[in-house]
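Listed here are the chains, written in short residue letters.
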Amino acid sequence: MTEEFPWQHAFPPFFTLQPHEQTRVKQLEAWRSMILDYCQSHQITQFDVQEIGQSALFHNKTIQRRLSPEDLLVVLEDLRSHGHLEWDGPAKSRRKAHIYWRRPEEWGSLIYNWAQAHGMTNTVCTLFEITQGDDAQDQAFQGLDQDLLIKALKCLELESKAELFPDQEGVKFF
Amino acid sequence: MDRFSLSANGGILAAGEFLITSGDNVKLYDGHQKTKFEIGELHLTSHRLIWHNPAIESAHLSLPLPLVVFLEEETGGLMKSPKIVLHLAPAHGSGASPTANFVKLSFKQGGEKQFKAKLHDALEQKQWEIVVRQKARGPSASMPKMRTGIGGIERSIAQKSKLRDTEISKAFQDLEKLMEMAKPMVSLAKSISSKIRDRQGEVSDDETVQFKSYLLSLGISDPVTRDTHGTGQSYYRELAKEIFWILDQPLQESGGMMTLTDVFCRVNRARGLELLSPEDLLNACKALPEAGLPLRLYTFDTGVSVLQLTSHTQEALILKTKEALEQSGSLTVEELSKASGISVILAKERLLSAERSGAACRDDTVEALRFYPNKFLTC
């Protein structure tokens, strides 16, 4: 199965970090959406930086261009600043990362809307129900990664829309 | 060596003898053999060669010039100094000593070429004969006066200096003839160029341009110098005009832009003798807007300075570069310089300017730096 990438992936300058401010903004934008789409379609929620740097995403063998390790870190940092990436382990090492092709806040909204729609406000619900429950069968967050789910619920906590139980097994929606 | 005579007062010149030149650190060779006469001063007078070691006051060796039959040169090498070889007339008198018929003067410190030239001249001029003739004439002309009287000495000195002047002017005659011929030519060129400037002559535009180009190649256009215009702003303004006048045509041909180094070379070549210093050139370029000329000094971010025709503005150039990129898909600096017929420096500046304005983006690899049309902003 040949990978389908947008036009930028076949454009050699895409693999060189552009010095021109305006151009760079566009370039990073393109990288962001490309990486997130790739991770989503391959169901990648976390990766090793070095490993993914060698994947087809960052290395186009046809035009013989690849993103250099330094530039890759710049791109990943940009993802992080947009809330789509979180470093795993000590921040300085930058070897592993979690990737959120949907931001935790976005997951939070989805879950809360679903909770509201199903009249689950002011009730308690287990995390299991949210990701594996019958009511959540056709929901996007079905089978969601546990860590990500907790992050999403924590975002709701900040918005005072939910409260996570200390054992992290249940949550109450408001 | 036996033709050298050792004297204690060799430093004193005889009547009519004058010093021509001297050389330092000269060593004497008897034939091919070294002598003990080293590190000496060698003086050439009109009559003789005197070798003298300043450390030893008394040692003066003199060789009368009439004895020198032939001159040769031995070029120096890594380990040996250049030498002049003097072939001498056979010694009269004692013929028993088996010394060679030539001596060598070794110039440890160089300067032998000049010395040889002067020695050659001295041998040609044969001053020693002239003085002899004068001495012969002197007494007959001044019969009533005493030959050794002060008057006689004064007269002989006067005659000698007059003779010297004649000799010198004879030597310079050729040069003066040339200068004489050049004078009307220079004044003619000056008058025509001033006529052109004042537009009083009946010279057409084409002829003017042609004539100016001839003047340029001759290098005798009427240059603006500090004599004609002094220092200060008017000087720089006039210089600016001259620079524009010189560069207008070449600039049109080379795409409206020229690096300051090229400008410096061309302007000085055109001026010929009255060269321009880099500071004067720079100040003149700065005075271009003031002089109301369609030429500007422009400095890129990289520090490269160019003179640019205002008709070829940055925007126009960026557009041109953009078109070139679109036509060929992508370009390196070398490729653009070849395609547009401009220098590599200017091609690089153009591509960087295009990038800075968002018209181009770069593809930086180990093989090359390429520029593409900026699809990021257009798609």
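About the thresholds
Residues numbered from 1 in each chain as written. Chains lettered and ligands numbered in written order. Predicted model: local features only at pLDDT ≥ 70, side-chain atom pairs only at ≥ 80, totals over all residues. Heavy atoms only, no water. UniProt positions renumbered as here; feature names shortened; annotations may be inferred. Helix = DSSP H or I, 4+ residues; strand = E, 2+ residues; numbered from the N terminus. Buried < 20%, exposed > 50% of the residue type's maximum accessible area, 1.4 Å probe, protein only. Contact = heavy atoms within 4.5 Å. Areas by Shrake-Rupley, 256 points an atom, 1.4 Å probe, with all protein chains shown as cover. Core = buried A, V, L, I, M, F, W, Y, C linked by side-chain atoms within 4.5 Å. Domains from an automatic or database assignment. Salt bridge = Lys/Arg side-chain N within 4 Å of Asp/Glu carboxyl O. Buried area = accessible area lost by both parts, 1.4 Å probe. Polar contact = N/O pair within 3.5 Å; in protein donor to acceptor, adjacent residues only side chain to side chain. Nonpolar A, V, L, I, M, F, W, Y, C, P; charged D, E, K, R; others polar.

In the nomenclature of an unreviewed UniProt entry, chain A corresponds to Vacuolar protein-sorting-associated protein 25 from the organism Tigriopus californicus. Per UniProt, chain A has the following entry under Subcellular location (unreviewed entry): "Cytoplasm".

Q: Whenever I open this one, the overall build of chain A confuses me. Can you help?
A: In terms of helices and strands, chain A carries six helices and eight strands. For chain A, the sequential pattern of α-helices and β-strands runs α-β-α-β-β-α-β-β-α-β-α-α-β-β. Here chain A holds 174 residues, and the buried ones make up 44% of them. For chain A, contacts bridging at least 24 residues in sequence account for 52% of all contacts bridging at least 6. Summing over all exposed atoms, chain A offers an accessible surface of approximately 9600 Å²; the carbon and sulfur share of this is 46%.

Q: Is there a simple way to think about the nonpolar core in this case?
A: The nonpolar side chains of a soluble globular protein tend to be buried with one another. Grouped together as the largest cluster of nonpolar side chains are 54 residues, with contacts concentrated most on Ile130(A), Leu153(A) and Phe173(A). The element that contributes the greatest number of residues to this core is helix H1 (residues 21–41) of chain A, accounting for eight residues. Counting residues domain by domain, this core receives three or more from each of domain 1 (7–99) and domain 2 (104–173) of chain A. When neighbours within four sequence positions are excluded, Ile130(A) is seen to be in contact with Ile111(A), Trp114(A), Cys125(A), Ala136(A), Phe141(A), Leu149(A), Leu153(A), Val171(A) and Phe173(A). By size, the runner-up hydrophobic cluster in this structure holds 26 residues, among which are Leu61(B), Val68(B), Leu119(B) and Ala122(B).

Q: Even after reading the chapter, I still don't get the pattern of salt bridges, so can you show me in this structure?
A: Note on pairing: side chains with opposite charge can pair once their charged atoms come close. All told, the structure shown has 19 salt bridges over all chains when counted by the stated rule. The shortest N-O distance in the salt bridge between Glu159(A) and Lys161(A) comes to 3.1 Å. Among the residues examined, Lys161(A) registers a relative accessible area of 29% and is labelled partly exposed. With a shortest N-O distance of 3.5 Å, Lys116(B) and Glu73(B) are connected by a salt bridge. Taken together, the positions of Lys116(B) in helix H1 (residues 112–125) and Glu73(B) in strand E7 (residues 68–74) put the pair 43 residues apart, joining distant regions of the chain. Lys116(B) sits in the partly exposed class, given a relative accessible area of 22%. Overall, Glu73(B) belongs to the partly exposed group, its relative accessible area being 32%. Salt bridges sharing common partners tie together Glu77(A), Arg80(A) and Arg94(A).

Q: I tried to follow the interface of chain B and chain A on my own but got confused; where do I start?
A: Note: interface size is frequently given as the accessible area lost on complex formation between the parts. The interface is formed by 16 residues belonging to chain B together with 15 residues belonging to chain A. Carbon and sulfur atoms supply 70% of the area buried between chain B and chain A, which totals about 1400 Å² over both sides. Taken together, the links from chain B to chain A amount to one salt bridge. Notably, a salt bridge pairs Asp363(B) with Arg65(A), separated by 2.7 Å at the nearest N-O pair. Taken together, chain B and chain A are joined by five residue pairs in polar contact (both at pLDDT 80 or more). Those elements giving two or more residues to the side of chain B that touches chain A turn out to be helix H11 (344–356), strand E14 (360–364), strand E15 (369–373) and helix H12 (375–378) of chain B. In the side of chain B that touches chain A, the residues fall into six nonpolar, four polar and six charged.

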